[in-house]
Amino acid sequence: MSKDGDILYRPATPVDGAHMWTFVQEAGVLELNPSYAYILLCQHFGDTCVVAERDGEMVGFVLAYIPPRQPDTVFVWQVGVSRATRGKGVGIRLLRYLLALDGCRNVRYLEASVTPSNKASQSLFRAFARKSNTSCRKLPFFPSEFFPDEHESEHLYRIGPIVWPEA
Ligand SMILES: CC(C)(COP(=O)(O)OP(=O)(O)OC[C@H]1O[C@@H](n2cnc3c(N)ncnc32)[C@H](O)[C@@H]1OP(=O)(O)O)[C@@H](O)C(=O)NCCC(=O)NCCS
């Protein structure tokens with residue numbers, strides 16, 4: 001657990017999954033997945049998921065997991081900050097707290113997939129790389145033709161190597 005001003009950052013639990021689902025509907029922009037997906041991801045990957053809350057109310061979250069074939073990488077599936085809280089550094093702090101979790105102790109890279117229209121997300125990941133003194137590479141990931149429905153292409157943002165401070 002970590003406190004920054006009036007915002008508390010903590011690992012997620014399955015109970016948070018339902019709140020994430022409601023949060024995503026209110027936040028807009030983010031793609032809404034079934035409530036079961038949020039609850040399940042928090043159950044299986046709670047060690048790599050983070051909730052930010054103020055006075056017990058969710059103001060942001062990161063859902064992330066370590067892909068089994070990439071044990072040195074944490075993949076951010078969704079990150080969101082409430083409209084009223086955006087632009088105040090909470091997105092960056094969520095990612096920092098994520099990487100500081102014990103579940104990320106072997107992580108050297110952070111990845112996320114981002115659509116060309118999501119400028120806030122692109123800025124977040126580029127700023128995070130810059131502030132972590134490392135690089136951010138943009139790579140092809142899923143072209144729009146991959147999707148059975150109307151969907152923008154997704155680019156992979158690969159950040160790292162993450163350099164940990166000397167113990
Ligand atoms: C993307 C998001 C999580 C960023 O959270 P945030 O708390 O506002 O981000 P921060 O305040 O930590 O800002 C991080 C950087 O992104 C930039 N940024 C944030 N919002 C921006 C916007 N709308 N347009 C351009 N840049 C933006 C900030 O200026 C900052 O960069 P800087 O340090 O170079 O100035 C938030 O805007 C959000 O929830 N958006 C809707 C959901 C979404 O798109 N999620 C990502 C897809 S999974």
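Scroll up a little and you will see the structure.
Here we summarise the structure given alongside this text. Note that the structure is predicted; figures quoted are calculated from it, not measured.

**Quick notes on the packing of helix α1 (residues 14-27) against helix α2 (residues 35-45)**
Phase 1 of the analysis: Running from N to C, α1 and α2 point in directions that differ by 140 degrees, and their axes come no closer than 7 Å. One finds that α1 runs oblique with respect to α2. For the pair α1 and α2, the sense of crossing is right-handed. Each of P14, G17, A18, M20, W21 and V24 in α1 lies in contact with α2, whose residues at this interface are S35, Y38, I39, C42 and Q43.
Phase 2 of the analysis: Classifying every residue of the contact of α1 with α2 by side-chain character gives eight nonpolar, three polar and no charged.

**Things to note about the packing of aromatic side chains**
Ring pairs (aromatic) are described by centroid distance and by the angle formed between their planes.
Phase 1 of the analysis: A full pass over the atoms with the stated rule returns nine aromatic pairs.
Phase 2 of the analysis: Between F23 and F61 the ring centres are 5.6 Å apart and the planes differ by 80 degrees, which places this aromatic pair in the edge-to-face class. With F23 in helix α1 and F61 in strand β4 (residues 57-65), this pair connects stretches of sequence that are 38 residues apart. Neither residue differs from the other here; F23 and F61 are each classed as buried.
Phase 3 of the analysis: Between F45 and Y65, the ring centres sit 5.3 Å apart and the planes meet at 35 degrees, which makes this aromatic pair tilted. Here the residue F45 occupies a position in helix α2, and Y65 occupies one in strand β4, the gap between them amounting to 20 residues.
Phase 4 of the analysis: Residue classification places F45 among the partly exposed positions, given a relative accessible area of 29%.

**Topic: the pairing of strand β3 (residues 50-54)**
Phase 1 of the analysis: Counting buried residues in β3 gives four out of five residues, a clear majority hidden from the surface.
Phase 2 of the analysis: Summarising the sheet, strand β2 (residues 7-11) and β3 pair through four bridges and their orientation is antiparallel. Within β3, the position partnered with P11 by the bridge is V50.
Phase 3 of the analysis: The sheet contact formed by β3 and β4 spans five bridges and is antiparallel. Directly across from V50, in β4, lies its bridge partner V62.
Phase 4 of the analysis: Taking the residues that link successive antiparallel strands as the turn, the β3-β4 hairpin has two residues, and the phi of D55 there is positive, at about 50 degrees.

**Comments concerning the nonpolar core**
Phase 1 of the analysis: Formed by 33 residues in total, the largest nonpolar core has its most connected members in V62, V76, L94, L98, L110 and F125.
Phase 2 of the analysis: Among the secondary structure elements, those contributing two or more residues to this core are β2, β3, β4, β5 (73-81), α3 (90-100), β6 (109-114), α4 (119-131) and β8 (154-160).
Phase 3 of the analysis: Not counting the four nearest positions on each side in its chain, L98 is found in contact with T48, V50, V62, A64, V74, V76, C104 and L110.
Phase 4 of the analysis: Counting 13 residues, the second largest nonpolar core, distinct from the first, contains A12, M20, C49 and F61.

**Observations concerning the site of the ligand**
Phase 1 of the analysis: In the neighbourhood of the ligand, 21 residues make up the surrounding shell, with V79, G87, G89, R130 and K131 lying closest.
Phase 2 of the analysis: Between the ligand and the protein, one listed contact pairs an oxygen atom with a backbone N or O atom of V81 at 2.8 Å.
Phase 3 of the analysis: Contact between the ligand and K88: an oxygen atom at 3.2 Å from a main-chain N or O atom of the residue.
Phase 4 of the analysis: When the free accessible area of the ligand is taken as 910 Å², the share hidden by the protein chains comes to 74%.
Phase 5 of the analysis: Within the shell around the ligand, the residues separate by chemical class into nine nonpolar, eight polar and four charged.

**Some details on the environment of S2**
Phase 1 of the analysis: Inspection of the secondary structure puts S2 in strand β1 (residues 2-4).
Phase 2 of the analysis: Residue S2 is classed as partly exposed on the basis of its relative accessible area, which comes to 29%.
Phase 3 of the analysis: Taking C-alpha positions, S2 is 9.5 Å from A52, a pair spaced 50 residues apart along the chain.
Phase 4 of the analysis: Ignoring sequence-local partners within four residues, the contact set of S2 consists of I7, L8, Y9 and Y97.

Scoring rules and cut-offs
- Residues numbered from 1 in each chain as written.
- Predicted model: local features only at pLDDT ≥ 70, side-chain atom pairs only at ≥ 80, totals over all residues.
- Heavy atoms only, no water.
- Axes fitted to C-alpha atoms, helices over the stretch in contact; angles between N-to-C directions.
- Helix = DSSP H or I, 4+ residues; strand = E, 2+ residues; numbered from the N terminus.
- Parallel < 35°, antiparallel > 145°, perpendicular 65-115°, else oblique.
- Left-handed = near helix turned anticlockwise from the far one by under 90°.
- Contact = heavy atoms within 4.5 Å.
- Nonpolar A, V, L, I, M, F, W, Y, C, P; charged D, E, K, R; others polar.
- Phe/Tyr/Trp six-rings, centres within 6.5 Å; stacked < 30°, edge-to-face > 60°.
- Buried < 20%, exposed > 50% of the residue type's maximum accessible area, 1.4 Å probe, protein only.
- Pairing = 2+ DSSP bridges.
- Core = buried A, V, L, I, M, F, W, Y, C linked by side-chain atoms within 4.5 Å.
- Near = heavy atom within 4 Å.
- Polar contact = N/O pair within 3.5 Å; in protein donor to acceptor, adjacent residues only side chain to side chain.
- Areas by Shrake-Rupley, 256 points an atom, 1.4 Å probe, with all protein chains shown as cover.

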